[in-house]
Amino acid sequence: MRLVVDLNRCQGYAQCAFLAPDVFTMHGEESLVYNPRAEAEQRERLARAVAACPVQAITADGLDEIVGRTSDAAR
């Protein structure tokens, strides 16, 4: 799975680091560090982290089916 974070868009809200700490961490107060090649086992947490980003700075290949399933379960 491939992750991309637009670091120019990221505002350091750290919602991703809270929801997927094995993939995203904050270095200091404003600098995000992440693993662009996350493990498949992290898919559900990554889907939540992508959805929770207030500025939509995170994109991930292969999460479409997980995001759809998570949205359906919330209804």
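Our structure's up above, just so we're on the same page.
Residues numbered from 1 in each chain as written. Predicted model: local features only at pLDDT ≥ 70, side-chain atom pairs only at ≥ 80, totals over all residues. Heavy atoms only, no water.

Q: I'd like to hear about unusual backbone geometry, residue by residue, with values.
A: Despite not being glycine, Ala-14 shows a phi value in the positive range, around 70 degrees. In this structure, Ala-14 sits in the loop between β1 (3–5) and α1 (15–19). Despite not being glycine, Gln-56 has its phi angle at roughly 50 degrees, a positive value. Within the secondary structure, Gln-56 is located in the loop between α2 (43–52) and β4 (58–60). Judged by its relative accessible area of 57%, Gln-56 is exposed. (Helix = DSSP H or I, 4+ residues; strand = E, 2+ residues; numbered from the N terminus. Buried < 20%, exposed > 50% of the residue type's maximum accessible area, 1.4 Å probe, protein only.)

That's the geometry; what it means functionally is another story.
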